[in-house]
Amino acid sequence: EKYRRIHIPSGKWERNVIVVQNMIDRKTYAMKVINTSGLNRADKEQLLEEVQIHKVVSHPFIILCKEAFMDKKCLCIVMD
């Protein structure tokens, strides 16, 4: 695995976000985990398009997307 779980926040709004550490550079990131098992094909494609847009957007009020990948039935988005 490229990332190791450090902390899983317990708040109502944070339940889909995990604090992880990159095993190569040892930096800490937030990883948003989105369950895609209930999505149809069109919704999955739209979600992946939004991730691609998020990767190229650069704005001081938008969190930087480091990478995104599929893990089993979840989309994982790693953010600064």
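All values reported here derive from a predicted model rather than from experimental measurement.

The next thing to look at is the layout of surface pockets. The calculated volume of the largest pocket comes to roughly 290 Å³. If you go around the largest pocket, you meet 13 residues; those closest to its centre are E1, R5, M31, D71 and C76. When residues of the lining of the largest pocket are traced back to their parent elements, those giving at least two are β1 (3-7), β2 (17-22), β3 (28-35), β4 (65-71) and β5 (74-79).

Here we come to a nonpolar patch on the surface. A cluster of nonpolar side chains, namely I53, V56, V57 and I62, defines an oily patch on the protein surface of about 350 Å² accessible area. Under the relative-accessibility criterion, I53 is labelled exposed at 53%.

For the rest of this paragraph, the subject is the environment of L64. In this structure, L64 sits in the loop between α1 (41-56) and β4. Taking the C-alpha atoms as reference, L64 lies 8.7 Å from V78; in sequence the two are 14 residues apart. Setting aside its immediate chain neighbours within four residues, L64 contacts H54, V78, M79 and D80.

The final tally for this structure, using the stated rule, is two aromatic pairs. The interplanar angle of 85° and the centroid separation of 6.4 Å between the aromatic rings of Y3 and Y29 together place this pair among those described as edge-to-face. With Y3 in strand β1 and Y29 in strand β3, this residue pair connects regions lying 26 residues apart in the sequence. Overall, the relative accessible area of 9% leaves Y3 in the buried class.

According to the stated counting rule, one finds two salt bridges in the structure shown. K2 serves as the salt-bridge partner of E67, at 3.1 Å between the closest nitrogen and oxygen. Here E67, found in strand β4, pairs with K2, found in the segment before β1; they are 65 residues apart in sequence, far enough to count as distant. Note that E45 is salt-bridged to R41, the shortest N-O span being 3.4 Å. In this pair, E45 and R41 are both assigned in helix α1, four residues apart and thus about one turn of the helix distant. Judged by its relative accessible area of 42%, E45 falls in the partly exposed class. You can call R41 exposed: its relative accessible area is 67%.

Glancing now at the sheet that holds β1. Spatial ordering of the open sheet is given by β1-β2-β3-β5-β4, a layout of five strands whose pairing is antiparallel. On the outer flanks of this sheet lie β1 and β4, each paired with one strand and no other. Strand-to-strand twist of the sheet, defined as the mean angle between neighbouring strand axes without regard to direction, takes the value 35°. Across four bridges, β1 lies against β2 in antiparallel orientation. Across the sheet, the residue bridging to H7 is V19, located in β2. On the sheet, α1 packs against β3, β4 and β5 and is oriented at approximately 155° with respect to β4.

What counts, and where the lines are drawn
Residues numbered from 1 in each chain as written. Predicted model: local features only at pLDDT ≥ 70, side-chain atom pairs only at ≥ 80, totals over all residues. Heavy atoms only, no water. 1 Å grid on protein atoms, 1.4 Å probe; cavity = no way out; pocket = protein on both sides within 12 Å on 5 of 7 lines; lining within 4 Å. Points joined across faces, edges and corners; volume = space filled by probe spheres on them. Helix = DSSP H or I, 4+ residues; strand = E, 2+ residues; numbered from the N terminus. Patch = residues over 30% accessible without salt bridge, like charges linked within 9 Å, V, L, I, M, F, W, Y side chains within 5 Å. Areas by Shrake-Rupley, 256 points an atom, 1.4 Å probe, with all protein chains shown as cover. Salt bridge = Lys/Arg side-chain N within 4 Å of Asp/Glu carboxyl O. Buried < 20%, exposed > 50% of the residue type's maximum accessible area, 1.4 Å probe, protein only. Contact = heavy atoms within 4.5 Å. Phe/Tyr/Trp six-rings, centres within 6.5 Å; stacked < 30°, edge-to-face > 60°. Pairing = 2+ DSSP bridges. Axes fitted to C-alpha atoms, helices over the stretch in contact; angles between N-to-C directions.

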